[in-house]
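So you can see what is in the structure, the chains are spelled out below.
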Amino acid sequence: LRIIGDGEERIKLLKQIDDLYLNNQVTIAPTSDDIWSEYLRFQYFVMPSNYEGTPNALLEAISSGMIPIVSTGVGDLSGKIRKIEPRLVFPSGNEDKLREVLDLAYLQTRFNFDTVRSKEQLIRPYQFEHSMPIWTNIVFGGSSHFRQVL
C-alpha cells in the first residue's frame, strides 16, 4: 500500500503503521510532482473521503487506468461507479466495509470494471468539451446578472 500526500493525518498514520508492524507493507510518500507516474504503478485507487465535490485525483486515477475503490462520500462519481460495479463502493466512515473491498482487491477478485469502457463512461461528462456548454448555460443563459457583468 502506498499513501501519497502530506495531509493532517500523516503523523497519526505513521504511528499506526509502526504500531501494527506494517512498515514493510505500507509507505507514505510526500506529495509528488509526477503523480501520473504514480498512477501508472498501481492497479487500484482508494478514496475513502467523507466528502468530495469533484474529486480531481479520482478522475485522474481513472483516466490513468486505475480501478477506483471509493466511499459514498465521493459525490456523484460514487453512484456512477456503483452502477458499474457495486462492490467498489462502500459507505463513508465504514471501515469494516472498506476492509472487505480491500480484501477482495488483495485476493485479486475480478471486478466488473472494464477500465477502458468505464473510463469513458465516468470521465466523459467532466471533460472540458462536455462540461463547458453546461457552465456556459449556467453563467450566460441562466442569469441576466451574469450577462451584464460579463
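About the thresholds
- Throughout this description, residue numbers start from 1 for each chain and increase along the sequence as written.
- Reporting in this predicted model follows two pLDDT cut-offs: at least 70 for local features of residues, and 80 or more for side-chain atom pairs to be given and counted; totals over whole chains, interfaces and linings ignore these cut-offs and use all residues.
- To get the side-chain values, all heavy atoms of the structure are used, and hydrogens and water are removed first.
- For the purposes of this entry, the term helix denotes a DSSP run of H or I that reaches at least four residues, the term strand denotes a run of E that reaches at least two, and both are numbered from the N terminus.
- Residue burial is assigned from relative accessible area. The probe radius is 1.4 Å, only protein chains are included, and a residue is buried under 20% of its type maximum, exposed over 50%, and partly exposed in between.
- Contacts: residue pairs with any heavy atoms within 4.5 Å of one another.
- The rule for pairing is simple: two strands pair if DSSP sees at least two bridges between them.
- Orient the strands so they point away from the viewer; a crossover is then right-handed if the path from the first strand over the helix to the second runs clockwise.
- Salt bridges are defined by distance alone: a side-chain nitrogen of Lys or Arg within 4 Å of a carboxyl oxygen of Asp or Glu.

Peer 1: Mind showing me how you'd approach the side chain of serine 71 here?
Peer 2: Of note, serine 71 is situated in strand E4 (residues 67-71). Serine 71 gets classed as buried once you look at its relative accessible area, which sits at 0%. Ignoring anything within four residues of it in the chain, the contact list for serine 71 reads Met47, Pro48, Ser49, Ser78, Val89, Phe90 and Ser92.

Peer 1: How do you make sense of the pairing of E4 when you look at a structure like this?
Peer 2: The side chains of a regular strand alternate between both faces of the sheet. A large share of E4 lies buried, amounting to five of its five residues. Of the two faces of E4, both are covered, the one formed by Ile67, Ile69 and Ser71 as well as the one formed by Pro68 and Val70. Alignment of strand E3 (residues 44-47) against E4, held across four bridges, turns out to be parallel. Pairing of methionine 47 across the sheet is with valine 70, part of E4. Bridging between E4 and strand E5 (residues 89-90) involves two bridges; their strand directions are parallel. The residue bridging serine 71 from the neighbouring strand is phenylalanine 90, located in E5. In this view, the connection linking E4 to its parallel neighbour E5 by way of helix H4 (residues 75-84) has right-handed handedness.

Peer 1: Can you help me understand the pattern of salt bridges in this one?
Peer 2: A side chain with one charge can pair with a side chain of the opposite charge if their charged atoms come near. Considering all chains together, one arrives at 10 salt bridges under this definition. A salt bridge links arginine 41 to glutamate 38; its shortest N-O distance comes to 3.4 Å. Taken together, the residues arginine 41 and glutamate 38, both in helix H2 (residues 35-41) and three residues apart, mark about one turn of the helix. The class for arginine 41 is exposed, based on a relative accessible area of 52%. Looking at glutamate 38, the relative accessible area reads 11%, which means it is buried. A salt bridge links aspartate 96 to arginine 99; its shortest N-O distance comes to 2.8 Å. Of this pair, aspartate 96 and arginine 99 both sit in helix H5 (residues 95-106), three residues apart, which is roughly one turn of the helix.

These values are about where atoms sit, not about what they do.
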